[in-house]
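# Structure at a glance
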Amino acid sequence: MHSESDAHSASGSDGGESTTTFHIVGVGASAGGLEALEKLFAKMPDDIAMAFVVVQHLSPDFKSHMRELLARKTALKVTTVEDQMPVAPNTIFLIPPKKEMIISGGKLLLSDKDPQAWNQPIDHFFTSLAHDAGPRAIGIVLSGTGSDGSQGIQDIHAAGGLVLCQTVETAKF
């Protein structure tokens, strides 16, 4: 297990490749994703020494209760991302509504989502994860109806990271 002080450092100040000593797991989900997320984190040990960043398609019109719901299923810390937040192991980071997110230099960076633009938030995050964490990147695609995540997992794979997808038999959508 890594201590807070040695768990993460970033090389350079230009957002260059992270020298993270732990894996960063990007988890993408859309329709039907809550149940899949609950099942995933219910089985997760609390000292796994990985950071989990959940990028879910969220309705801008409804308050998300994801943090409270996941906290009931896992002993891992569950937090909603704030801009410039550093990733840390044994923590689940949740994207807030109306935001897009990338990772650079081991920090989660938020920007306002353009409501008029075609958004692929999972691809956007996974691509940045591949660039930032390289072989320490893991991409997990859970239940959903569209193609968001399909480009990003290719980028993670090309960077030497691991890619996992929920099976058709267990996905709600």
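### A closer look at the pattern of salt bridges
When charged atoms on two side chains of opposite charge get close, those side chains can pair. All chains considered together, the criterion is met by 3 salt bridges. Ionic pairing is found between Lys-99 and Asp-112, a salt bridge with its closest N-O pair at 2.5 Å. Here Asp-112 lies in strand β7 (residues 107–112) and Lys-99 lies in strand β6 (residues 99–104), a separation of 13 residues in the sequence. Judged by relative accessible area, Lys-99 falls into the partly exposed class, the value being 25%. Note on Asp-112: relative accessible area 59%, which makes it exposed.

### What about the nonpolar core?
Counting 25 residues, the largest nonpolar core has Val-87, Phe-93, Met-101, Leu-108 and Phe-125 as the members making the most contacts within it. Apart from residues no more than four positions distant in its own chain, Leu-108 is found in contact with Val-53, Val-81, Glu-82, Asp-83, Gln-84, Met-85, Val-87, Phe-93, Met-101, Ile-102, Ile-103 and Phe-125. Within the second largest apolar cluster, 18 residues are counted, among which are Val-25, Phe-41, Val-78 and Leu-94.

### As for the pairing of strand β5 (residues 91–94)
Residues Thr-91 and Phe-93 point to one face of β5 and Ile-92 and Leu-94 to the other, with burial holding for every one of them. Across 4 bridges, strand β2 (residues 50–56) lies against β5 in parallel orientation. When the bridges of β5 are listed, Ala-51 appears paired with Thr-91. Bridge count between strand β3 (residues 77–80) and β5: 4 bridges; the pairing is parallel. In the strand pairing of β5, Lys-77 is matched with Thr-91.

### Topic: the sheet that holds β3
Taken in spatial order, the 6 strands line up as β3-β5-β2-β1-β8-β9 in an open sheet, and their pairing is parallel. Each having just a single partner strand, β3 and β9 (162–165) make up the two edges of the open sheet. Between one strand axis and the next, the sheet turns by 20° as a mean value, whatever way the strands run. Direction of pairing for strand β1 (residues 23–29) relative to β2: parallel, over a ladder of 7 bridges. Considered in β2, the bridge of Val-27 is made with Val-54.

### Description of the confidence of the model for the chain
For the chain, the mean per-residue pLDDT works out to 84, and 80% of the residues sit at or above 70. Here helix α1 (residues 4–7) is the element of the chain with the lowest mean pLDDT, 36, and strand β4 (residues 85–86) is the one with the highest, 97. Overall, residues 1–16 carries pLDDT values under 50, and its contacts beyond four positions in sequence, including any with other chains, amount to 31 contacts.

### Focus on helix α2 (residues 33–42)
An α-helix turns once per 3.6 residues; consequently, residues spaced three or four apart project the same way. Residues Gly-33, Ala-36, Leu-37, Glu-38 and Phe-41 constitute the buried set of α2. The secondary structure elements touched by the buried residues of α2 are β1, β2, α3 (66–71) and β5.

### What about the sheet that holds β4?
Spatially, β4-β7-β6 is the arrangement adopted by the 3 strands of the open sheet, whose pairing is antiparallel. At either end of the open sheet lies a strand with only one pairing partner, and these are β4 and β6. Strand direction decides the pairing type here: β4 and β7, joined by 2 bridges, are antiparallel. Each residue of the ladder has a partner; that of Pro-86, found in β7, is Lys-107. Against the sheet, helix α4 (residues 121–133) engages β6 and β7, with an angle of about 10° to β6.

Procedures and definitions
The written sequence of each chain sets the order in which its residues are numbered from 1. Reporting in this predicted model follows two pLDDT cut-offs: at least 70 for local features of residues, and 80 or more for side-chain atom pairs to be given and counted; totals over whole chains, interfaces and linings ignore these cut-offs and use all residues. No hydrogens and no water enter the side-chain calculation; it runs on all heavy atoms of the structure. Here, a salt bridge means any Lys or Arg side-chain nitrogen found within 4 Å of an Asp or Glu carboxyl oxygen. A run of DSSP states H or I qualifies as a helix once it reaches four residues; a run of E qualifies as a strand once it reaches two. Both are numbered from the N-terminal end. Categorising residues by exposure relies on relative accessible area from a 1.4 Å probe, with only protein chains included: less than 20% of the type maximum marks a residue as buried, more than 50% marks it as exposed, and the intermediate range marks it as partly exposed. Residues enter a nonpolar core if they are buried and are Ala, Val, Leu, Ile, Met, Phe, Trp, Tyr or Cys, with the set joined through side-chain atoms within 4.5 Å. Whether two residues touch is decided by their heavy atoms; if any such pair falls within 4.5 Å, the residues are in contact. For two strands to be treated as a pair, DSSP must find at least two bridges joining them. Between N-to-C directions, angles cover 0 to 180 degrees, with each direction set by a line fitted to C-alpha atoms, over the stretch in contact for helices. What pLDDT conveys is the predictor's confidence in a given residue, as a value from 0 to 100.

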